[in-house]
Amino acid sequence: IGLFVITLTGCSKEDSSTTTDTGSDTVVDKASSTIKSTDDLANKSGILTCTREGTASGDLVPTFSYVITYREGELLTLRAIEKVSSPTGTGLGAYYDAYLAINKNYEGLDYYTSNVTKTDTSVTRDTLIDYEHIDTDKLLHIEGNEDNIIDDNGKASLDMWLTLAN
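These figures come from a predicted structure and were not determined experimentally.

1. What about the overall build of the protein?
What the protein contains, in helices and strands, is three helices and six strands. Along the chain direction, N to C, the helices and strands of the protein fall in the order β-β-β-β-α-β-β-α-α. A burial count over the protein gives 39% of its 166 residues as buried. Accessible area of the protein: about 9300 Å², with a carbon and sulfur share of 48%.

2. Considering unusual backbone geometry
Residue Glu72 is not a glycine yet carries a positive backbone phi of 50°. Along the chain, Glu72 falls in the loop between β3 (61–71) and β4 (74–85). Phi at Tyr111 is positive, roughly 70°, even though this residue is not glycine. Topologically, Tyr111 is positioned in the loop between α1 (92–105) and β5 (112–118). Look at Tyr111 and you get partly exposed, because its relative accessible area is 45%.

3. Here's the deal with the packing of aromatic side chains
Within this structure, the stated rule accounts for two aromatic pairs. Here the aromatic rings of Tyr106 and Tyr112 are separated by 4.0 Å at their centres, their planes lie at 5°, and the arrangement is stacked. Tyr112 matches Tyr106 in its accessibility class, with the two residues each being buried.

4. Topic: the pairing of β3
Looking along a regular strand, one sees side chains alternate from face to face of the sheet. Side chains of β3 alternate between two faces, with Pro62, Phe64, Tyr66, Ile68 and Tyr70 buried and Val61, Thr63, Ser65, Val67, Thr69 and Arg71 left unburied. With nine bridges connecting them, strand β2 (residues 45–55) and β3 associate as antiparallel partners. When the bridges of β3 are listed, Leu48 appears paired with Ile68. Linking β2 back to β3 in an antiparallel pair, the connection comprises five residues, with Gly58 at a positive phi of about 65°. Hairpin connection of β3 to β4: two residues between the antiparallel strands, including Glu72 at a positive phi of 50°.

5. Some points on the confidence of the model for the protein
Low pLDDT marks stretches whose predicted atomic positions should not be read closely. Averaged over every residue, the pLDDT of the protein is 81; the share at 70 or more is 75%. In the predicted structure, residues 1–8 sits below a pLDDT of 50 and forms 29 contacts with residues beyond four places in sequence or in another chain. Across residues 14–33, where pLDDT falls below 50, the model places 35 contacts with residues more than four positions away in sequence or in other chains.

6. Structural notes on the nonpolar core
Within the largest apolar cluster, 25 residues are counted, with the highest numbers of intra-cluster contacts made by Ile68, Leu75, Leu78, Tyr131 and Trp161. Among residues more than four places away in sequence, those in contact with Ile68 are Gly46, Ile47, Leu48, Cys50, Leu75, Thr77, Leu78, Leu158 and Trp161. With eight residues, the next largest nonpolar core counts Ala56, Val84, Tyr95 and Val116 among its residues.

7. Some words on the side chain of Thr124
Mapped onto the elements of the fold, Thr124 is located in strand β6 (residues 122–130). On the accessibility criterion, Thr124 (16% relative accessible area) is buried. Those residues within four positions of Thr124 in sequence are excluded, and the remaining contacts are Ile81, Glu82, Lys83, Asn115, Val116 and Thr117.

8. Side note on the side chain of Thr136
With respect to the helices and strands, the residue Thr136 is situated in helix α2 (residues 136–143). In this structure Thr136 comes out as buried when scored by relative accessible area, which is 12%. When sequence neighbours within four positions are dropped, the list of residues in contact with Thr136 reads Ile150 and Gly154.

Basis of the calculations
Residues numbered from 1 in each chain as written. Predicted model: local features only at pLDDT ≥ 70, side-chain atom pairs only at ≥ 80, totals over all residues. Heavy atoms only, no water. Helix = DSSP H or I, 4+ residues; strand = E, 2+ residues; numbered from the N terminus. Buried < 20%, exposed > 50% of the residue type's maximum accessible area, 1.4 Å probe, protein only. Areas by Shrake-Rupley, 256 points an atom, 1.4 Å probe, with all protein chains shown as cover. Phe/Tyr/Trp six-rings, centres within 6.5 Å; stacked < 30°, edge-to-face > 60°. Pairing = 2+ DSSP bridges. pLDDT = per-residue confidence, 0-100. Contact = heavy atoms within 4.5 Å. Core = buried A, V, L, I, M, F, W, Y, C linked by side-chain atoms within 4.5 Å.

Listed below in structure tokens is the structure:
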């Protein structure tokens, strides 16, 4: 698999005065301001939308998007969509196989779902992690403690995620 160079292009939030009721206390954050830490958040709970761009070898184009539900600095859910595109389809098989191998590590872990799909011109890995309910000890056993977003209380930290993402 070729090397990705990834940069976070930003997380966005919406001004609370323009928020529509979603049936809960959740705010959908969509405006163009960049979030670098929870200090940048006007709302104590909400949804962040983040994107990353990357470069890869050949004609491969990686794109990444994240939808994060948070409350009081705790990351509750994370949906990550990682897509590698190629107009010629060259190199996509290796990414498909690598994503499947990654997913094998998480088999049987409740509240962690990930699907990999392949077309002629892209491979997409769509992952949903429910940090509010997942067994963080099992997750840390799979991922390790280094560069992880689980804090000392066993909760997923939004600040830690933003730090790693930036």
